[in-house]
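Inside the fold
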Amino acid sequence: MAEAAKLQVSDEVAVSIENMNKWYGTFHVLRDIDLTVHRGERIVIAGPSGSGKSTLIRCINALEEHQKGKITVDGTVLSSDLKNIDRIRSEVGMVFQHFNLFPHLTILENCTLAPIWVRKTPKKEAEELAMHFLTKVKIPDQANKYPGQLSGGQQQRVAIARSLCMQPRIMLFDEPTSALDPEMIKEVLDTMVQLAEEGMTMLCVTHEMGFARQVANRVIFMDAGQIVEQNEPEEFFLNPQHERTKLFLSQILGH
Amino acid sequence: MSDTHQQSIGYVRDSMIPESEPPLGEAGAIKWMRANLFSSIANGFLTLAALTALYFLISGFLPWIVNGVWDAPSIRECREILDGKVGGCFAVLTERWNQLLFGFKYPSDIYWRPALAFLLLFVAIAPVLFSKVFPKQILIFTALYPFIAYFLIWGGSILIPIFALLGLIVGYLVYSRFVAQSFAAGFFGGIAAALAFWWITGFIAVDGVLAIEAVPSRDMGGFMLNMLLGTVCVSLSIPFGIALALGRQSDMPIIKWICILFIEFIRGVPLITLLFVASVVLAYFLPPGTNFDLILRVIIMITMFASAYIAEVIRGGLAALPNGQYEAGDSLGLDYAQKMRLIILPQALKISIPGIVNVSVGLFKDTTLVSVISMFDLVGMIRGPILASTEWNGVYWELLGFAALLFFVVCYGISQYSQWLERQLQTDHK
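Residues numbered from 1 in each chain as written. Chains lettered and ligands numbered in written order. Predicted model: local features only at pLDDT ≥ 70, side-chain atom pairs only at ≥ 80, totals over all residues. Heavy atoms only, no water.

**Considering the overall build of chain A**
What chain A contains, in helices and strands, is 10 helices and 10 strands. Principal-axis analysis of the C-alpha atoms places the extent of chain A at approximately 55 × 45 × 40 Å. Relative to its 255 residues, chain A shows a buried fraction of 56%. Across chain A, the fraction of contacts at a sequence separation of at least 24, relative to all contacts at a separation of at least 6, is 68%. Looking at chain A, you have 27 positive and 33 negative side-chain charges, and the mean spots of the two groups are 4 Å apart. (Helix = DSSP H or I, 4+ residues; strand = E, 2+ residues; numbered from the N terminus. Buried < 20%, exposed > 50% of the residue type's maximum accessible area, 1.4 Å probe, protein only. Contact = heavy atoms within 4.5 Å. Lys, Arg positive; Asp, Glu negative; His and termini not counted. Charge placed at Lys NZ, Arg CZ, Asp CG, Glu CD.)

Below you can see the structure in the form of structure tokens.
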């Protein structure tokens, strides 16, 4: 699996982060982050809570502002220019821990909203696209329901479909399974595995180590706002180098 | 478990039991009364006390209605007809009906014009209130309605409302031409273009061109004035309130502080004070000879007052939305205007409906305060010309009861509509 995955990675750079720093007030959340993501790479970011992993991926689509360093997404440098930010956001899909579906719109409307208003896709075409991706996440029959009528796992799959409808080139996952019941975690992970197999560039903040082993071609371990260790999944799990990584792995794999 | 149970106590039904009546006292009225009215001794006592109170209330009130006199020229003759019996003098309503509705100066031969405007109001608001039932094309009429209603009620040259409308269209065209480059350029360019258009057309002599009989603002009165102020101010204060609420949340410090100052100042001042400013004080600041319409001044003041309150109500709705909704909109690449219009405001406004209705109902009733600055709205008519007349001096209950009834009908209607709307928009916990 890992061999096959490596083959799909191209030399083209999807995201490059150079010497990036971020502060919340005086608190130094991210310190000297350097990270290059190639097209087709699947990166899992792990680490204890408060280590800055969510903040890191939220900087990539400018949900958080960074104060120092340079982030380049798909060849566009992130600046404070709003048009620039909107363009990057429409190329980068994001899936949140708490789904963040729009409760006043049906599942179908959730999925067609951004294509219609941002991409200016005709409504009918947008609906066909939405049904295509809803079928892909295996819930086309719920299209006319409201988010409140769906289970957590179904809602998260809708959220994935909603991001896919913008046909993004990069997907960010911010702890997509942390708010789900154990039984529903699998259906969401299956969807993500399927995406990975199709060659989507993915950055996932997650604690699902099985998922990391199965699809990631790089695991990044963060602590105290820094990248402490990164390696291929096999090496990362079997042979961690840094003390903090060893402690973390023994904590989460120990039971 | 269930298998062993079935095996040990095997049973098969051989005849079905037919349906039968419930025992007496366990269904219908008797059961209901026992459960709700006489469930305990104290409860039964309270029920009897309430029934007695109701009896006295109705037995006192009913003859006043039933014996009421509907046809008499004055209170004296009304009392003669009653001849000592208890009864209301409702004749004042029939005799002064037109004054109550239109005021005492509006020309009686053109009452049909405001009446028609009132009927058309229902056509205009129907597609706004019931967007699922009525076709969207009526919205064009809704957009034209303010100009039609102005022409019907005030009369004068038809060119005035047409110029007003054209000015707005010119402003909109300029706005849509420049908005792609920058919102600020479009917005201020649009306003400037509209003002310039109105300024230029101000030089065109329109008096008498394609004109119908003109009625000056000071001749407006009666319930018509309340409806007019209520409708205009409610429909203006909601968009202004939204703008103020969004402005108060803005990242731009100057806009934010202007909005906060405006809201806090207006909320800290009684409406009566603002109305006095509109009617008296404002005249000192305007150049002599300026004719700034009184009703327009009052509309501006009431709208400012109500929009400050509505802004705070909507701010509450905005604050109730989880941050994730903003982030989801952002992450999809929607810009600020799209995010607000498609995601944030529909949800925030839904949460704010009870508060907005509260302010609207309050505002509608507050339009009676204009009687204090000697405008003859419904209450002003009753307190002034009607009660002061020799014929009807002293008919308080009938007149004020009628005023209360009119306001109640409108306000109760608004309240029922809002509850219906809340049920319609209920999508989260089906």
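**Some remarks on unusual backbone geometry**
All names here are of chain A. The phi torsion at Phe99 lies on the positive side, around 65 degrees, for a residue other than glycine. Here Phe99 lies in the loop between β6 (92-95) and α4 (107-117). Even without being glycine, Glu175 reaches a positive phi, approximately 45 degrees. Along the polypeptide, Glu175 turns up in the loop between β7 (170-174) and α7 (182-197).

**Focus on the environment of Tyr24(A)**
Residue and element names in this part refer to chain A. Turning to its location among the elements, Tyr24 is positioned in strand β1 (residues 13-24). According to the relative accessible area criterion, Tyr24 is partly exposed, its value standing at 37%. Spatially, the C-alpha atom of Tyr24 lies 9.7 Å from that of Gln67, the residues being 43 residues apart in sequence. Discounting chain neighbours no more than four positions away, the residues touching Tyr24 are Val29, Thr55 and Glu64.

**Comments concerning the UniProt feature "domain: ABC transporter" (unreviewed entry) in chain A**
The sites that carry the UniProt feature "domain: ABC transporter" (unreviewed entry) are, in the present numbering, residues 15-249 of chain A. In this annotation, residues 15-249 of chain A is assigned 39% helix and 26% strand; the end-to-end C-alpha distance for the span is 27 Å. (UniProt positions renumbered as here; feature names shortened; annotations may be inferred.)

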